[in-house]
Amino acid sequence: MQYTGWDTRSLARPKKLPYAGGMTLQLRRALALFFICLFVLVAPAALAYGRGYRFNFSTGKIQQTGVILLHGLPKNVFVSTDSQPYRGTTLPKTYRSVDPGTHTLHVQATGYTPQEYSVHVQPGTTSYLMNVQLLRNAPFTTLRTALPSTAQFAPPGNAVAWVAEQRVVMVTPDTRVVSKEIPKLQTLAWVDQALEVFGEKSVYLGQVNHAGVFTPNAKRNLPDTKKLTALAQSAGLTYTFGQRVDALGGWFVTNGEGGWFVHDNGLSEIVTRWSAPPVAARIIGNSVLAIIRPDSITLRNLVTNHSQSFALKGIRKVADNPGEGSLDLLVTDGDLRSWVRAEFF
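Counting of residues starts from 1 at the beginning of each chain's written sequence and follows it residue by residue. Local features in a predicted model are, by the rule used here, given only for residues with pLDDT of at least 70; side-chain atom pairs are given and counted only at 80 or more, and totals for whole chains, interfaces and linings are based on all residues. Hydrogens and water are ignored here; the side-chain numbers use all heavy atoms of the structure.

Points about the pairing of strand β3 (residues 66-73)
The side chains of a regular strand alternate between the sheet's two faces. Just so we agree on the cut-off: Remark: exposure states derive from per-residue accessible area (1.4 Å probe, protein chains only) relative to the maximum for the residue type, with buried under 20%, exposed over 50%, and partly exposed in between. Only DSSP runs of H or I reaching four residues or more are called helices, and only runs of E reaching two or more are called strands; each is numbered from the N terminus. A pair of strands is considered paired only if DSSP assigns at least 2 bridges between the two.
The buried count for β3 comes to six of eight residues, which makes it a mostly enclosed element. With four bridges joining them, β3 and strand β6 (residues 93-98) adopt antiparallel strand pairing. Counterpart to Ile68 in the pairing with β6 is Tyr95. Looking at chain direction, β3 and strand β10 (residues 126-133) are connected through six bridges and run parallel. In the strand pairing of β10, Val67 is matched with Thr126.

Right, dumping it as structure tokens:
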């Protein structure tokens, strides 16, 4: 047959093919609507979850939870919350999604006395438990024995010195140094890390180095107590001992009646009272009051009010604490004098 033009049959609308795996417009619209609805439902829930809202199964309601921040010593502890099993953790530790209300935390560590703490949690807030301080079961270690009656502690508690046959004898937990002979030497006293040596007509201020040489040094390194004196006078207090506590922003002072804390802003508050003055009282670890008596040491956490006592007979003198939770003690047992370090935490 002779060709006469285009075959118009090829221009006809094609028949609809059967479904071969592609999405129709209606299906795509349905899926888009589904995901929009899912986002509308999930986004507020995710936002609420991020802000601490949880479903409380005991009350059957959705409520906002809180946070507990746990901080203290020692660093490696085991913690039980509301009688749940103990879990090992490292301080500081943050507990999130905590139900509002009062919770009990039991904290323990190997070689330390367990402690129980109570903390109240408010919805949407962080409750701070910053003064966890477990105390050692056996805190006392003898560093030196056979110290003479004239032995004097260095203020930081890291050395003891005395006069023997016109020489200065200085000992630390690990070393013993004897100075060369100092003419007319009578007695000595510590001024910070240096020694004041008192002779018949002269006073020397210097240091005994590990070669046994006494080096004169006229520069004193005395703590600035002028501000404390002014603060105590404004508060109407007289004191026989003052200790700077930077973490609390003030001074701990004692006298024959008790101990007070004098803040840098001039306000003062009573910390403790006693009927008979102790050997000494110190703040250790920033918030623990140590009351040292001749036969015992009582520690009281000024924040949690937990107290614990340790028996040790013959305490005669206390040096400034050499560490965050330590005290150095001069202890007598008959004619024997010893240097004992008490490490509480």
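The structure having been displayed, the exposition proceeds.
Thoughts on the packing of aromatic side chains
For the record, the criterion: Between rings of Phe, Tyr and Trp, where Trp is taken as its six-membered ring, a pair exists when centres lie within 6.5 Å; planes separated by under 30 degrees are stacked, by over 60 edge-to-face, and by other angles tilted.
As enumerated under the stated definition, the model contains four aromatic pairs in all. Consider the rings of Phe140 and Phe310, whose centres lie 6.5 Å apart with planes at 90°: the pair is edge-to-face. Separated by 170 residues along the polypeptide, Phe140 in strand β12 (residues 140-144) and Phe310 in strand β28 (residues 307-311) bring together distant segments of the chain. With 5.7 Å between their ring centres and 75° between their planes, Phe153 and Trp339 make a pair best called edge-to-face. Highlighted residues: Phe153 in strand β13 (residues 152-153) and Trp339 in strand β31 (residues 336-343), separated in sequence by 186 residues. The class for Trp339 is buried, based on a relative accessible area of 0%.

Some thoughts on the sheet that holds strand β27 (residues 296-301)
The criterion, for reference: For every element, the axis is a line fit to its C-alpha atoms; helices are fit only across the contacting stretch, and the angle between N-to-C directions ranges from 0 to 180 degrees.
Spatial ordering of the open sheet is given by β25-β26-β27-β28, a layout of four strands whose pairing is antiparallel. At either end of the open sheet lies a strand with only one pairing partner, and these are β25 (280-284) and β28. Each strand of the sheet is rotated relative to its neighbour by a mean of 20°, with strand direction disregarded. Both β25 and strand β26 (residues 288-293) contribute to a ladder of five bridges, which runs antiparallel. Bridge pairing in β26 places Ile284 opposite Val288.

Quick word on the nonpolar core
The test is simple: Take the buried residues of types Ala, Val, Leu, Ile, Met, Phe, Trp, Tyr and Cys, join any two whose side-chain atoms come within 4.5 Å, and each joined set is a nonpolar core. Contacts are residue-level and defined by heavy atoms, with any inter-residue pair within 4.5 Å sufficient.
Ile284, Ile292, Leu299, Ile315, Leu327, Leu329 and Phe344 are the most contacted members of the largest nonpolar core, which has 20 residues in total. If you list the elements that add at least two residues to this core, you get β25, β26, β27, β29 (315-319), β30 (326-333) and β31. Setting aside residues no more than four positions away along its own chain, Leu299 makes contact with Leu135, Ile284, Val288, Leu289, Ala290, His306, Ser307, Gln308, Phe310 and Phe344.

Considerations on the sheet that holds strand β5 (residues 87-90)
Pairing between sheet strands relies on hydrogen bonds along the backbone, with the strands arranged either parallel or antiparallel. Pairing is antiparallel across the open sheet formed by four strands, whose spatial order is β5-β4-β7-β9. With one partner strand each, in any of the chains shown, β5 and β9 (115-121) form the two edges of the open sheet. Taking each pair of neighbouring strands and ignoring which way they run, the sheet shows an average axis angle of 40°. Sheet topology note: the strand β7 (residues 101-108)/β9 ladder contains seven bridges and is antiparallel. Of the residues in β9, the one forming a bridge with Leu105 is Tyr117.

Keep in mind that these numbers describe shape and distance, not what the molecule does.
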